[in-house]
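The chain contents come next:
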Amino acid sequence: MLTLLNLENLPIPLQAERITPIQSGYLLQGKTVALLHPFEQVRFYRHGWHSWSLTSWIPLPFDLQKPQPEIRWPMIDHPKLLADYPFTGSGVGALQAPDGKILLLGALGLDGFISADEITLRGVYPYASPGLQVEWFLAYGEEQLVFAAYADQLGQRLGVRCREHPPRVWCSWYGLYGDIYQDVLLDALAGLSGLPFDVFQIDDGWQISLGDWQANAKFPNGMAWMAEKIQQAGLTPGLWLAPLAVAPASSIYQQHPDWLLHGIDGRPLSAGHNWGDFFYGLDTTHPEVQSWLYDLIETARSWGYKYLKLDFLYAGAMPGVRYENIPAEQAYRIGLEVIRQAAGDAYFLACGSPIFPAIGLADALRVGSDVAPYWDNPERTINLHDLTGVGSLNAIRTALHRLWLRPLIDVDPDVAFFRTRFNLMFPEQSRLLQDLAQIAGFLATSDLPAWLDPHERQSLLDFLQASPKIVRLDRYRFQINQRLVDFSFIEDVWRV
Ligand code: 9PG
């Protein structure tokens, strides 16, 4: 039905099957809903599909080239979002009116997409079978209030798992990267004594391969032994795994080709190119995959790991051919339910994960691309047009635009840096990452204690102990205690 909605004196023609006014806006029903907006030159809130996918307010129209190379696309965003780059988003979208208020359209279920152009804002659940009741939320008003109302509606349907104080984490990735060894980590662990971390998390580099989740030769005493050492140091053991990603060299790939997510051509669907090769995703609707997944997570738990950073999860969430013919995000959520059950009370950080299906199941979400001890890598952002490229600028941009998720799930903006050694950032840039961590409420670093001078170690200690008063002044400005922190520069990238 076509209705003329009157949103604070703004007449909006709206097409939906059913429209129900609620206190904070409207609930809409329909596989497709669309409205005509009167704004012409506006910004569009483009919400990327998974943790690393570009999320920002983008001027509309704006000529942004598709990122390259194509073999990396799955690591960048959803195929539908890349096809209509950058004006289709995942789950939620919004337009900014000239008066500064926003018009938000958000899915209240999974597998929803939002697109915008100069005259329309449109939501579609492309995989919903006809007759299925699918819902949307529509609201117009002050940005922070509208996002809060939307988060509330989502929480009622998907669940809420956020905590007031997420654990403070030392993570091996952004210091040592893949070069982790048993003794190097034990040295780092010893050096952290006296710093109030909760978790010592071992990242990528301990496993035989993606799919063969046993300790490699760099961890001769095994992962249970490592967990014991971490526990003895008074910290919670944390472990990285990519449970839904599979390398061609793994035994799974070779022994269980039917466990993989396939394309319509019948071939395994590539989840991207990393670790020097293509890699693939598991079909979470396959009963054998589900029991393998349960056992894997239970094994990690039985080794003593109570903090699990589960990464590259989108590999199991891509649209493709599955054992059970259900929409991709729903299929993926079944996998997350298995993980949640097996994880018990362990803290589960979903990384490289589609955002919506993780709500209510994971404890935390990585909400941006990877930081790095450098600000930006123009080779990738400018020459390859990839705004998910590793670097602090890209990471800050996307994470900042996802802070509205905070009432639903802990949001991890990735680690902050305190070291000047092996760090190419200006102190002001490192400081922005530290401030973002305080704003998000998720405190983590990968700095090797041996790399910190006494002054830097003291800043890290202050960072971990702080409980600052934070006030959000507007979209990009915050007050942390008495200090103004301004992220408005993040808009400038669109003035290219
Ligand atoms: C381990 C890392 C860390 C990190 C994760 C994830 O596009 N890329 O090439 C790309 C590579 C790595 C990556 C993200 C994107 O990082 O976010 O914290 O755990 O894996 O391999």
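Enquirer: How do you make sense of the overall build of the protein chain when you look at a structure like this?
Expert: Scanning the protein chain for helices and strands turns up 13 helices and 29 strands. Radius of gyration (C-alpha) of the protein chain: 22 Å, near the 23 Å computed for a compact globule of 496 residues. C-alpha atoms of the protein chain, sized along the principal axes, occupy 65 × 55 × 40 Å. Residue burial in the protein chain is summarised as follows: out of 496 residues, 59% are buried. The contacts in the protein chain between residues at least 6 apart in sequence include a share of 69% that link residues at least 24 apart. As displayed, the protein chain has an accessible area near 19300 Å², and 53% of this comes from carbon and sulfur atoms. Separation of charge centres in the protein chain, based on 37 positive and 54 negative side chains, amounts to 3 Å.

Enquirer: What exactly am I supposed to notice about the site of the ligand here?
Expert: Taken together, 16 residues lie around the ligand, and R72, Y174, D203, D204 and D370 are the ones closest in. With respect to the ligand, the side chain of D204 contributes an N or O atom lying 2.7 Å from an oxygen atom. D370 places a side-chain nitrogen or oxygen 2.6 Å from an oxygen atom of the ligand. Relative to its unbound accessible surface of 460 Å², the ligand loses 93% to contact with the protein. When its residues are assigned to classes, the shell around the ligand shows seven nonpolar, one polar and eight charged.

Enquirer: Can you help me understand the packing of helix α11 (residues 392–400) against helix α12 (residues 427–440) in this one?
Expert: Angle between the axes and distance between the axes: these two values describe a pair of packed helices. The contact between α11 and α12 brings their axes to 11 Å, and the two run at 25 degrees. As judged from the angle between their axes, α11 and α12 are roughly parallel. Pair α11 / α12 crosses with left-handed handedness. Across the interface between the two elements, S392, I396, A399 and L400 from α11 touch L432, L433 and L436 from α12. Classifying every residue of the contact of α11 with α12 by side-chain character gives six nonpolar, one polar and no charged.

Enquirer: Got a minute to help me understand the sheet that holds strand β1 (residues 2–7) in this structure?
Expert: Hydrogen bonding along the main chain pairs the strands of a sheet, whether they run parallel or antiparallel. Spatially, six strands are ordered β1-β2-β5-β12-β11-β8 in an open sheet, and the strand pairing comes out antiparallel. On the outer flanks of this sheet lie β1 and β8 (88–90), each paired with one strand and no other. Sheet twist, expressed as the mean angle between neighbouring strand axes with direction ignored, is 20 degrees. Bridging between strand β11 (residues 113–116) and strand β12 (residues 120–124) involves four bridges; their strand directions are antiparallel. Within β12, the residue paired with F113 across the bridge is V124.

Enquirer: Explanation requested: the packing of helix α5 (residues 182–191) against helix α6 (residues 223–232) in the structure shown.
Expert: Their axes nearest at 11 Å, the elements α5 and α6 cross at an angle of 10 degrees. In terms of their interaxial angle, α5 and α6 are classed as roughly parallel. At the point where α5 passes α6, the crossing takes the right-handed sense. Residue-level inspection shows Q182, L185, L186 and L189 of α5 in contact with α6, the latter providing W225, M226, K229 and I230. Residues of the contact of α5 with α6, tallied by class, amount to six nonpolar, one polar and one charged.

Enquirer: Is there a simple way to explain helix α9 (residues 328–343) in this structure?
Expert: The end-to-end C-alpha distance of α9 is 22 Å, a good match for the 22 Å that 16 residues give at a rise of 1.5 Å each. Counting buried residues along α9, 12 of its 16 residues qualify, which places the element largely inside the surrounding structure. Along α9, the residues that are buried comprise A328, E329, A331, Y332, R333, G335, L336, V338, I339, R340, A342 and A343. Of the residues one or two after α9, G344 is the one with positive phi, at around 55 degrees.

Enquirer: Please explain the nonpolar core as it appears in this structure.
Expert: Across soluble globular proteins, you tend to see nonpolar side chains buried next to one another. Grouped together as the largest cluster of nonpolar side chains are 140 residues, with contacts concentrated most on F200, I202, W206, W404 and F487. The greatest single-element share of this core, amounting to seven residues, is contributed by helix α3 (residues 143–158).

Enquirer: Looking at this structure, how should I read the pattern of salt bridges?
Expert: Note on pairing: side chains with opposite charge can pair once their charged atoms come close. Tallied over the full model, the rule gives 18 salt bridges. Residue E8 pairs with K101 through a salt bridge whose shortest N-O separation is 2.7 Å. Residue E8 is found in the loop between β1 and β2 (10–15), and its partner K101 is found in the loop between β9 (92–96) and β10 (102–107); the two are separated by 93 residues along the sequence. The closest approach of N and O atoms between R431 and D435, which form a salt bridge, is 3.6 Å. One end of the pair is R431 and the other is D435, both in helix α12 and four residues apart, which spans about a single turn. By relative accessible area, R431 is classed as partly exposed at 37%. The class of D435 is buried, set by a relative accessible area of 5%. Taken together, the shared-partner salt bridges in this structure form one network comprising R161, R163, R340 and D363.

Enquirer: Is there a simple way to think about the pairing of strand β7 (residues 56–60) in this case?
Expert: Two faces, one strand: in a regular strand the side chains alternate between the faces of the sheet. Most of β7 is tucked away, with five of its five residues classed as buried. Burial of β7 is two-sided: the residues S56, I58 and L60 facing one way and the residues W57 and P59 facing the other way are all buried. One ladder, built from five bridges, connects strand β6 (residues 42–46) with β7; its direction is antiparallel. In the strand pairing of β7, R43 is matched with P59.

Enquirer: For this particular structure, what's the right way to read the pairing of strand β22 (residues 307–310)?
Expert: Side-chain alternation along β22 places Y307 and K309 on one buried face and L308 and L310 on a second face that is also buried. Of the strand pairs in this sheet, strand β18 (residues 236–241) and β22 are connected by four bridges, and their pairing is parallel. Following the sheet pairing, L241 is matched in β22 by L310. Looking at chain direction, β22 and strand β23 (residues 347–350) are connected through four bridges and run parallel. Across the sheet, K309 pairs through a bridge with L349, a residue of β23. The β-α-β motif built from β22, the intervening α9 and the parallel element β23 has right-handed crossover chirality.

Reading the values: rules and limits
Every residue gets a number counted from 1 within its own chain, in the order that chain's sequence is written. With pLDDT at 70 or above as the cut-off, local features in this predicted model cover only qualifying residues; side-chain atom pairs require 80 or more to be listed or tallied, and sums for whole chains, interfaces and linings still use all residues. Where side-chain values are given, they derive from all heavy atoms of the structure, hydrogens and water being excluded. Under the DSSP-based scheme used, a helix requires at least four consecutive residues in state H or I and a strand at least two consecutive residues in state E, with every element numbered from the N terminus. Just to be clear, the radius of gyration here is over C-alpha atoms, and the globule rule we use is 2.2 Å times residues to the power 0.38. Relative accessibility under 20% of the residue-type maximum defines a buried residue, over 50% an exposed one, and the middle range a partly exposed one, all with a 1.4 Å probe and only protein chains included. Two residues qualify as a contact provided that any one of their heavy atoms is within 4.5 Å of a heavy atom in the partner residue. For accessible areas, the Shrake-Rupley method is used with a probe of radius 1.4 Å. Any residue's cover is judged against the shown protein chains and nothing else. Under this rule, positive means Lys or Arg and negative means Asp or Glu; His and the chain ends count for nothing. For the purpose of locating charges, the reference atoms are NZ of Lys, CZ of Arg, CG of Asp and CD of Glu. To be near a molecule or strand, a residue needs just one of its heavy atoms within 4 Å of it. In the analysis that follows, any N or O atom pair within 3.5 Å is treated as a polar contact, provided that within protein one partner can donate a hydrogen and the other can accept it, and provided that, for residues neighboring in sequence, both atoms belong to side chains. Residues were grouped as follows: Ala, Val, Leu, Ile, Met, Phe, Trp, Tyr, Cys and Pro as nonpolar; Asp, Glu, Lys and Arg as charged; and all remaining residues, including Gly, as polar. Between the N-to-C directions of two axes lies an angle of 0 to 180 degrees, each axis being a line fitted to C-alpha atoms and, for a helix, fitted only over the stretch in contact. Here the angle decides the label: under 35 degrees means roughly parallel, over 145 means roughly antiparallel, 65 to 115 means roughly perpendicular, and every other value means oblique. Crossing handedness is read from the near helix: turned anticlockwise from the far helix by less than a right angle, it gives a left-handed crossing, and turned clockwise, a right-handed one. Pairs of strands are assigned from DSSP output, requiring at least two bridges between the strands. The span one expects for a helix is its residue count, reduced by one, times 1.5 Å. Put simply, a nonpolar core is a bunch of buried Ala, Val, Leu, Ile, Met, Phe, Trp, Tyr and Cys residues held in one set by side-chain atoms that sit within 4.5 Å of each other. By definition here, a salt bridge exists when the distance from a side-chain nitrogen of Lys or Arg to a carboxyl oxygen of Asp or Glu is within 4 Å. Whether a crossover is right-handed depends on one test, that the path from the first strand over the helix to the second runs clockwise when the strands point away from the viewer.

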